[in-house]
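# Topology and contacts: notes
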Amino acid sequence: MTSLAGRTAVITGSGRGIGSAIAVELARMGANVTVNYFRNRQPAEETAAAVEAAGGRALVVKAHVGRRDQIENLVAQAAAAFGSVDIFVANAASGVPRPLLEQDQREWDWTVDINARSLFYGVKAAAPLMKAGGWGRVIGITSMGSRRTLPNYGVIGVSKAAIETLIRYLAVELAPYNIRCNAVSPGIVLTDAVQHFPEWEWMVESARARTPTGSFVTAAQVASVVGFLCTEGASGLVGQTLIVDNGYEIMP
Ligand SMILES: NC(=O)c1ccc[n+]([C@@H]2O[C@H](COP(=O)([O-])OP(=O)(O)OC[C@H]3O[C@@H](n4cnc5c(N)ncnc54)[C@H](OP(=O)(O)O)[C@@H]3O)[C@@H](O)[C@H]2O)c1
């Protein structure tokens, strides 16, 4: 396995859920990890403790990643603590589950800024550090709502499509610098996020019935694909979106 010893990862929204699992996985591979939270400090502290138990050094930073100044500060704090930033994972997400035509500008801006614009400004801040180090990995966490229509998911789906498109353009611009950019698209993972959707129990049960393995992917399974993208073995993957969903999307 590629060691990430000496590498520094910034993972947005990594106090809870999938981001927390990614933090622990990258620490297990040897990386130092900056754990970012917005509202919930306690789970972020617990993730930091798990990072340290896995062998990494941890820094906890509060930042609202929908704000340019705060995401720039997040990257700067990671670089100040660990000397550089080599891996940037845009994982944080928010949104207002509601039909598309019932959303207003405030909700559009909130969702797109946190989910997608944070990738743009995060990479703008981190790319010079990655270029200086001669190595980098950028990973965006997307969802199938970028390609399929899901109830009450319109603006979030738009933000996820933006992530996948940003990743392709970043991948081309950063490829000459040995910086690889890819996206990971999980199927349903039973985190807190799922329960924010109206009728989520029905949604979850119908999705489970359609999943050929009969169970949902776990945050740890998603994290291990993110870890793989950070290995040299994945260096041929440029600008791709990897679907990790236990086969849900290939079903009729
Ligand atoms: N769960 C699924 O079924 C599923 C499926 C496909 C894709 N995904 C994607 O996977 C990623 C993680 O989802 P999850 O299920 O783990 O979500 P989650 O459990 O709801 O956690 C969301 C995380 O994002 C953080 N966050 C929210 N707004 C933020 C902001 N403005 N600035 C910084 N951090 C912010 C939260 O921090 P606080 O705790 O501080 O609020 C939290 O750590 C998201 O991109 C999501 O779209 C999830």
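That block above? That's the structure.
Around the ligand sit 30 residues in total, of which Gly-13, Gly-17, Ala-93, Thr-191 and Ala-193 are the nearest. Of all the secondary-structure elements, those providing two or more residues to the shell around the ligand are α1 (17–28) and β2 (32–37). Classifying every residue of the shell around the ligand by side-chain character gives 14 nonpolar, 13 polar and three charged.

Right, let's talk about the sheet that holds strand β7 (residues 241–244) for a bit. As summarised here, the arrangement of the seven strands in space is β3-β2-β1-β4-β5-β6-β7, forming an open sheet in which the pairing is parallel. Here the strands that pair on one side only, and so sit at the sheet edges, are β3 (58–62) and β7. When the angles between neighbouring strand axes are averaged without regard to direction, this sheet yields 20°. Taken together, the four bridges between strand β1 (residues 8–11) and β2 define a ladder with parallel strand orientation. Pairing of Ile-11 across the sheet is with Val-35, part of β2.

The phi angle at Asn-178 is positive, at roughly 65°, despite the residue not being glycine. At Asn-246, a position not held by glycine, the phi torsion is positive, near 55°. When the 20 C-beta atoms within 10 Å are taken as the criterion, Asn-246 is described as buried.

Reading guide: rules and limits
- Every chain is numbered on its own, with residues counted from 1 as its sequence reads.
- Where local features are concerned, this predicted model is filtered to residues with pLDDT of at least 70; where side-chain atom pairs are given and counted, the filter is 80 or more; whole-chain, interface and lining totals use all residues.
- In this analysis, residues qualify as near a molecule or strand once their C-beta atom, positioned from backbone atoms, comes within 6 Å of it.
- Each helix is a run of DSSP H or I of at least 4 residues and each strand a run of E of at least 2, with the numbering of both proceeding from the N terminus.
- Each residue is assigned to one class: nonpolar for Ala, Val, Leu, Ile, Met, Phe, Trp, Tyr, Cys and Pro, charged for Asp, Glu, Lys and Arg, and polar for all the others, Gly among them.
- In this analysis, strands are considered paired if DSSP registers two or more bridges between them.
- Every angle, taken between N-to-C directions, lies between 0 and 180 degrees, and every axis is a line fitted to C-alpha atoms, over only the stretch in contact when it is a helix.
- Here a residue counts as buried when 20 or more other C-beta atoms fall within 10 Å of its C-beta, as exposed when 12 or fewer do, and as partly exposed in between; the C-beta atoms come from the backbone.

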